Amino acid sequence: MLTVKMSVNGKPVSAELEDRTLLVQLLRENLRLTGTHIGCDTSQCGACVVHVNGVSVKSCTLLAVQADGAEVTTIEGLAKNGVLHPMQQAFMDNHGLQCGFCTPGMVMSALDIVKRNGSAVDEATVRKELEGNICRCTGYHNIVKSVQAGAKSMGG
Amino acid sequence: MYEFSYKKVSSVEDAVAAMQSADDGKFVAGGQTMLPTMKHRLASPSDLIDLGGIGALNGISIDDDTVTIGAMTTHASVAASSEVQVAIPALAKLAGNIGDPAVRNRGTIGGSIANNDPAADYPAAVIALGATVKTNKREIPGDEFFTGMFETALAEDEVITAVSFPMVDKAAYMKFENPASRYAIVGVFVAKSGDSVRVGITGATPCAHRGMRLEAALNGNFSAAAVEGVKIPVEKMNSDIHASAEYRAHLVKVMTRRAVEACS
C-alpha cells in the first residue's frame, strides 16, 4: 500500500492505495468521479481520457501513483457554476453524442486538440487527432462538428 | 494485474540498485506497453521501477550533426520539437504518427526501443539513421541493438539514457499502419547521406532489420524504379491475421518506393 496525493479538478486528494491501482480506478472507485469511463481497458478506446498536468492521457494505462503530485482534470472539472464548458455545450448543440459512453473521453481529447491546434482547427486534423477515441454508435460526423464548433466558441 | 511493488527512483544509479535488489524487476518508462502487458498477465514483475522521475533522461539536444533524444522523452515532445523538425524532419513525423495523441503524451523513445515490439516505429529509424543507443554502461550501435522479437542487447540492469541520431541529407519513413492500433504492418525508413543509402524495416519480420537487398539496389541508383527488381524473401516475413507473408513482402517494396519518392 502507498499514499498518493494529487489535485483532482482543483481539489487536493489523498488516498491509501494498492501499488497496482490505476488512475481510472482511483477516480471512479475512490473519488466516485464516474464520468471517466472504462471502455476497452486496453488503451485503445479513449473513454478514460483525462488531463494530467495539462495533457491528455488514458487513465486506464497510468498507475494512480504515477500521477502522484500531479494536477488531474476530469470531465467533472469542466463545467463552472452550473454552466457547461463551451466544448460540452458544443457537443449538446451539435448532437455530438448518441449513447454518450464515449463522450467524456471525446470532450477531454477535444480540449487537448484545441490546445495544440488552435480554435480554427480543420476537419481533417480533428478526424486524425481523434484516432485514439472510439465511438461505437459511430457518430463521428457530429462529434467532429462538435469539436470544431467547441473550438470556435473557445476562441471567442 | 498481479500485485507488484512500485518504486520511483530519481537517478539512474538508484534505478540500477533497485533492479539489482528486486526478485524479478522491470523498468517502466511511459508504461504504454508495460501496463497493458501486465493487465493481460503476460508480465508479472515483483517490482516495477519507474524511470519517470529521472529528469536527466528527458530532453532533446542538437549539435552540428547529431540529434540526441533523452530516453524518457515522449513521442509528443519529439513530434512537437521545432529543432527535430528542422534537423531530421522524418524523425519528428515518425514520432507524431505513433499510436494516438494520449499515448504519445506518455510513451517514450527509450521505452519503445527497449521493448522492441516487432511492429514499433522507432526501431526502423534507429537502424536506418545509424543511431547510437547510449546506456548507463556503454554505447551500442543501432545495428546491433535489436537482437530478436522483443529482445535487445540490453542487460537486465542496463538503462537506456539517450539515443543519438546523426543528421542525414534526406530521409523519409512510410508505414502501412493497422487502422486500429496504428502499429506498422510494414514500415520502411530510408535515409540517404552522400552516396550512402540505409534502409530500416519494421513490422515485416520478427525484429526490425536493415534492408540490405534494397540498400544494394538504391546505392548508385536512388530511384523508385531501382526497388522494382529487388526480391524480398517471403519466407522471412511475418504472417498473421493482419497480413500474410506474401502481402508483407509486397508492402516492403511499396513502402520503400514511397519513402524514396518522398526523399526526392
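Residues numbered from 1 in each chain as written. Chains lettered and ligands numbered in written order. Predicted model: local features only at pLDDT ≥ 70, side-chain atom pairs only at ≥ 80, totals over all residues. Heavy atoms only, no water.

## Let's talk about the overall build of chain A
In step 1: When helices and strands are counted, chain A shows five helices and five strands.
In step 2: Tracing chain A from N to C terminus, the helices and strands come up as β-β-α-β-β-β-α-α-α-α.
In step 3: The C-alpha radius of gyration of chain A comes to 15 Å, within 12% of the 15 Å expected for a compact globule of 156 residues.
In step 4: Seen along its three principal axes, the alpha-carbon backbone of chain A occupies a region of about 45 × 30 × 25 Å.
In step 5: When each of the 156 residues of chain A is scored for burial, the buried share is 52%.
In step 6: On chain A, roughly 7,000 Å² of surface is accessible, and the fraction owed to carbon and sulfur atoms is 51%. (Helix = DSSP H or I, 4+ residues; strand = E, 2+ residues; numbered from the N terminus. Rg over C-alpha atoms; globule rule 2.2 N^0.38 Å. Buried < 20%, exposed > 50% of the residue type's maximum accessible area, 1.4 Å probe, protein only. Areas by Shrake-Rupley, 256 points an atom, 1.4 Å probe, with all protein chains shown as cover.)

## A short note on the sheet that holds strand E1 (residues 2-8) of chain A
Residues and elements named next belong to chain A.
In step 1: Strands sit in the order E2-E1-E5-E3-E4 across an open sheet of five strands; the sheet is mixed. Edge positions in the sheet fall to strand E2 (11-17) and strand E4 (55-58), since each has one partner strand and no second. For this sheet the average axis-to-axis angle between neighbouring strands, irrespective of direction, equals 40°.
In step 2: Inspection of the sheet shows E1 paired to E2 by seven bridges, in the antiparallel sense. When the bridges of E2 are listed, Met6 appears paired with Val13.
In step 3: Lying on the sheet, helix H1 (residues 23-30) is in contact with E1, E2, strand E3 (49-52) and strand E5 (71-73); it crosses E2 at an angle near 105°.
In step 4: Along the sheet, helix H3 (residues 103-117) contacts E3, E4 and E5; its crossing angle with E3, the most-contacted strand, is approximately 45°. (Pairing = 2+ DSSP bridges. Axes fitted to C-alpha atoms, helices over the stretch in contact; angles between N-to-C directions. Contact = heavy atoms within 4.5 Å.)

## Brief notes about the domain arrangement of chain B
All names here are of chain B.
In step 1: Partitioning chain B into structural domains gives domain 1 (5-50), domain 2 (55-166) and domain 3 (170-263).
In step 2: Facing the nine residues of domain 1 at the interface are 14 residues of domain 2.
In step 3: Note on domain 1 versus domain 2: buried area summed over both sides is about 950 Å², and carbon and sulfur give 65% of it.
In step 4: A per-residue breakdown of the area domain 1 buries against domain 2 is headed by Val12, Ala29 and Gln32, which together make up 46% of the total. (Domains from an automatic or database assignment. Buried area = accessible area lost by both parts, 1.4 Å probe.)

## Some details on the sheet that holds strand E7 (residues 139-141) of chain B
Residues and elements named next belong to chain B.
In step 1: In space, the five strands of this open sheet follow the order E4-E5-E10-E6-E7, with antiparallel pairing throughout. Each edge of the sheet is formed by a strand with only one pairing partner; in this case those strands are strand E4 (60-62) and E7. Adjacent strand axes in the sheet meet at a mean angle of 20° when their direction is disregarded.
In step 2: Where E4 meets strand E5 (residues 66-70), three bridges bridge the pair, whose relative direction is antiparallel. Its bridge partner being in E5, Ile60 is matched across the sheet by Ile69.

## Looking at unusual backbone geometry
Residue and element names in this part refer to chain A.
In step 1: If you check the backbone angles, Ser43 has positive phi at about 60° while not being a glycine.
In step 2: Looking at the secondary structure, you find Ser43 in the loop between H1 and E3.
In step 3: Residues other than glycine seldom take positive phi values, yet Thr138 does so here, at roughly 60°.

## Topic: the interface of chain B and chain A
In step 1: Taken together, the contacts link 26 residues of chain B with 24 residues of chain A.
In step 2: Of the roughly 2,100 Å² buried where chain B meets chain A, counting both sides, 53% is carbon and sulfur surface.
In step 3: Counting across the interface, chain B meets chain A through four salt bridges.
In step 4: Arg182 of chain B serves as the salt-bridge partner of Glu131 of chain A, at 3.5 Å between the closest nitrogen and oxygen.
In step 5: At the boundary of chain B with chain A, the tally comes to nine residue pairs in polar contact (both at pLDDT 80 or more).
In step 6: For the side of chain B that touches chain A, the elements supplying multiple residues, two or more each, are strand E1 (5-8), helix H2 (34-39), strand E3 (47-50) and helix H6 (101-104) of chain B.
In step 7: Per-element accounting of the side of chain B that touches chain A gives the leading share, four residues, to H6 of chain B. (Salt bridge = Lys/Arg side-chain N within 4 Å of Asp/Glu carboxyl O. Polar contact = N/O pair within 3.5 Å; in protein donor to acceptor, adjacent residues only side chain to side chain.)

## A few points about the domain arrangement of chain A
Residue and element names in this part refer to chain A.
In step 1: For chain A, the domain assignment lists domain 1 (2-76) and domain 2 (86-155).
In step 2: Look at where the C-alpha atoms of domain 1 and domain 2 centre, and you get two points 21 Å apart.
In step 3: Counting residues at the interface gives 17 residues for domain 1 and 14 residues for domain 2.
In step 4: When the two sides are added together, the surface that domain 1 and domain 2 hide from each other amounts to roughly 1,200 Å², 58% of it contributed by carbon and sulfur.
In step 5: Contact with domain 2 buries area across many residues of domain 1, yet His37, His51 and Ile75 alone supply 38% of it, more than any other trio.
In step 6: The tally of links from domain 1 across to domain 2 stands at zero salt bridges.
In step 7: Put simply, domain 1 and domain 2 have eight residue pairs in polar contact (both at pLDDT 80 or more) between them.
In step 8: Only E3 and E4 provide two or more residues apiece to the side of domain 1 that touches domain 2.
In step 9: Per element, the largest residue contribution to the side of domain 1 that touches domain 2 is three residues, and it comes from E4.
In step 10: Of the residues in the side of domain 1 that touches domain 2, the class split is six nonpolar, 10 polar and one charged. (Nonpolar A, V, L, I, M, F, W, Y, C, P; charged D, E, K, R; others polar.)

## What about H1 of chain A?
All names here are of chain A.
In step 1: For H1, the complete set of buried residues consists of Leu23, Val24, Leu26 and Leu27. For H1, the buried positions fall inside an angular range of 165° around the axis, keeping them on one side.
In step 2: Buried residues belonging to H1 abut E1, E2, E3 and E5.
In step 3: One or two residues past the end of H1 sits Arg32, with phi positive at roughly 60°. (Arc of directions from axis to C-beta.)

## Comments concerning the packing of aromatic side chains
In step 1: Under the criterion given, the structure shown has three aromatic pairs over all chains.
In step 2: Over the ring of Phe222 of chain B we find Lys192 of chain B, and its NZ or CZ is 5.4 Å from the ring centre. (Phe/Tyr/Trp six-rings, centres within 6.5 Å; stacked < 30°, edge-to-face > 60°. Lys NZ or Arg CZ within 6 Å of the ring centre and 35° of its normal.)

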